[in-house]
Amino acid sequence: MNLAQLLVRAAHLNPDRPALFHGTTPTASHGDWLARAARLAGAFHAAGLVPGDRVVLFLRNHPRYLEALLGAWWAGLVVVPVNAKLHPREAQWIVNDAQARWAFVTADVAPAPFDGLERQIDIETADYDALLQAPAEPVTDRAPDDVAWLFYTSGTTGRPKGVMLSHRNLLTMGLTYFVDVDPVEARDAIVYAAPMSHGAGIYAIPHLMAGARHVVPASGGVDPAELFALAKVAGPLSMFAAPTIIKRLVDHAEATGEPGEGFKTIVYGGAPMYAADIERALRVMGPRFVQIYGQGETPMVGTALSRAHLADTAHPRHAQRIASVGVAQTPVQVRVAGPHGQDLPTGEVGEVLVRGDTVMQGYWRNPQATAAALRGGWLWTGDMGALDADGFLTLKDRSKDLIISGGSNIYPREVEEVLLTAPGVAEVAVVGAPDPEWGEVVVAFVVPQPGAALQADALDAHCLAQIARFKRPKRYAFVDTLPKNNYGKVLKTELRARLAA
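Scoring rules and cut-offs
- Residues numbered from 1 in each chain as written.
- Predicted model: local features only at pLDDT ≥ 70, side-chain atom pairs only at ≥ 80, totals over all residues.
- Heavy atoms only, no water.
- Helix = DSSP H or I, 4+ residues; strand = E, 2+ residues; numbered from the N terminus.
- Buried < 20%, exposed > 50% of the residue type's maximum accessible area, 1.4 Å probe, protein only.
- Contact = heavy atoms within 4.5 Å.
- Areas by Shrake-Rupley, 256 points an atom, 1.4 Å probe, with all protein chains shown as cover.
- Salt bridge = Lys/Arg side-chain N within 4 Å of Asp/Glu carboxyl O.
- Phe/Tyr/Trp six-rings, centres within 6.5 Å; stacked < 30°, edge-to-face > 60°.

J.: An account of the overall build of the protein chain is requested, with residue identities and associated values reported.
T.: Helices and strands together make up the secondary structure of the protein chain, namely 17 helices and 26 strands. Expressed as lengths along the three principal axes of its C-alpha atoms, the size of the protein chain is roughly 70 × 50 × 45 Å. The proportion of buried residues among the 501 residues of the protein chain is 58%. Taking the contacts inside the protein chain whose residues are at least 6 apart along the sequence as the reference set, 67% of them involve residues at least 24 apart. Just so you have it, the protein chain exposes about 19800 Å², and 52% of that area is on carbon and sulfur atoms.

J.: An account of the pattern of salt bridges is requested, with residue identities and associated values reported.
T.: The full count for this structure, using the stated rule, is 26 salt bridges. In this structure, glutamate 118 engages arginine 101 in a salt bridge whose closest nitrogen and oxygen atoms are separated by 2.7 Å. With glutamate 118 in the loop between β5 (102-105) and β6 (119-122) and arginine 101 in the loop between α4 (88-98) and β5, this residue pair connects regions lying 17 residues apart in the sequence. A salt bridge links glutamate 254 to arginine 280; the shortest N-O distance between them is 2.8 Å.

J.: Requested: an account of the packing of aromatic side chains, with residues and values cited.
T.: With the rule as written, the count across this model stands at 11 aromatic pairs. With a centroid separation of 5.7 Å and an interplanar angle of 50 degrees, the aromatic rings of phenylalanine 58 and phenylalanine 114 are classed as tilted. Here phenylalanine 58 is found in strand β3 (residues 54-58), whereas its partner phenylalanine 114 is found in the loop between β5 and β6, with 56 residues between them in sequence. Between tryptophan 93 and tyrosine 152, the aromatic rings sit 6.3 Å apart at their centres with planes inclined by 90 degrees, giving edge-to-face as the arrangement. Remark: tyrosine 152 occurs in strand β7 (residues 147-152) and tryptophan 93 occurs in helix α4; sequence separation between them is 59 residues. Taking the relative accessible area as the measure of exposure, tyrosine 152 reaches 6% and is therefore buried.

Structure representation (structure tokens):
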């Protein structure tokens with residue numbers, strides 16, 4: 001089993017169909033893509049790389065990202081995608097930990113050579129073009145559980161861990177997309193505005209399965225005006241986006257009056273999507289959204305909240321459902337457990353556990369972390385949540401984000417959901433601050449909407465009208481922006497550091 005066989009299938013069926021695009025400009029057909037992957041594999045093997053060796057991708061979103069990705073798999077290599085927003089020192093740590101032999105980069109992301117590599121190739125130079133002159137080779141056979149994708153976690157609580165994802169893990173993820181997220185046709189296109197090193201790049205797999213088109217925006221990132229224009233000319237267009245990106249798209253649609261013509265499906269995940277935000281998105285852009293919940297350790301597969309569930313406003317529990325992350329996706333089981341692994345009653349909060357063929361092989365060179373995360377065949381996600389009687393999972397927070405104040409558990413997301421319904425609030429993040437009397441107190445970092453003049457006492461009254469008194473923030477910090485990583489996740493560790501300082 002080798003994921004590169006998906007490219008072989010697509011190219012044999014429709015060799016002349018355009019596959020890769022930079023903006024609206026086609027850069028390769030499926031046949032071209034196959035030829036380049038086969039030649040890259042020949043170059044890898046000629047240089048002495050062998051199946052299982054690691055190749056780093058540290059570059060901005062680029063059509064050649066997918067060429068290098070499939071070429072590495074074709075040769076039986078392991079791809080190490082690195083967040084393009086990392087500092088080169090952070091990327092160097094990953095290069096060393098992965099014991100990588102080669103790296104593909106762009107000069108804007110990696111301006112200097114990494115230490116310890118045998119070769120570093122800028123994909124926009126003649127060095128890369130020269131690799132495409134190597135003799136083509138057949139696809140290297142790989143076992144289903146051989147590692148294909150070594151994904152390093154965001155590392156917000158320390159050094160990132162390398163998640164080992166196999167060909168079977170990613171193939172299962174790809175097939176699951178069709179069942180639980182969205183059917184894909186050859187006429188469809190996926191646009192890579194979010195980082196290709198993360199979930200957006202992984203979704204290349206189901207779109208390759210369908211023989212669809214792959215579009216990298218000319219800007220390489222998130223420009224709402226550009227994406228709306230692309231959707232009109234390149235649609236039906238699908239994309240994966242963090243909730244922060246959804247917000248930017250909805251802001252643009254609301255400001256311009258554009259209905260989102262050409263957008264087919266926008267899959268969101270990777271960070272909390274608050275009920276108020278998805279309600280607004282549906283109101284402004286219509287039923288184009290699907291939510292997924294997963295982790296790097298079970299890529300894009302945990303639960304899904306379908307287009308139909310989001311649209312079912314007549315359901316008596318619709319308000320609760322749109323605040324959930326949906327039901328277990330087809331190839332996995334999801335349950336909520338207590339600290340000793342015991343199942344918890346419906347509605348009770350515990351740790352979310354996942355089991356199935358998308359769950360990682362373990363952490364790279366880290367048996368201790370593997371043993372902590374994989375227990376009894378289940379992945380212990382570190383996320384806290386509760387299941388309702390119909391199997392809908394509602395997340396509370398990461399276990400590390402739980403605030404314990406005066407002996408009572410407070411889930412920041414619950415407070416955030418309430419504050420986001422207050423007039424004039426654009427964004428909010430809630431964290432715990434050490435307190436000598438209470439152990440911890442609730443602190444809310446609030447971003448006002450443009451022109452809004454927020455007052456702490458008004459927000460306090462808003463909270464007291466909707467949640468228990470002990471849950472309301474004891475302090476409010478009004479800020480222009482919230483610190484976020486490249487995937488749109490709020491860096492609560494940074495907010496806690498601000499409080500400590």
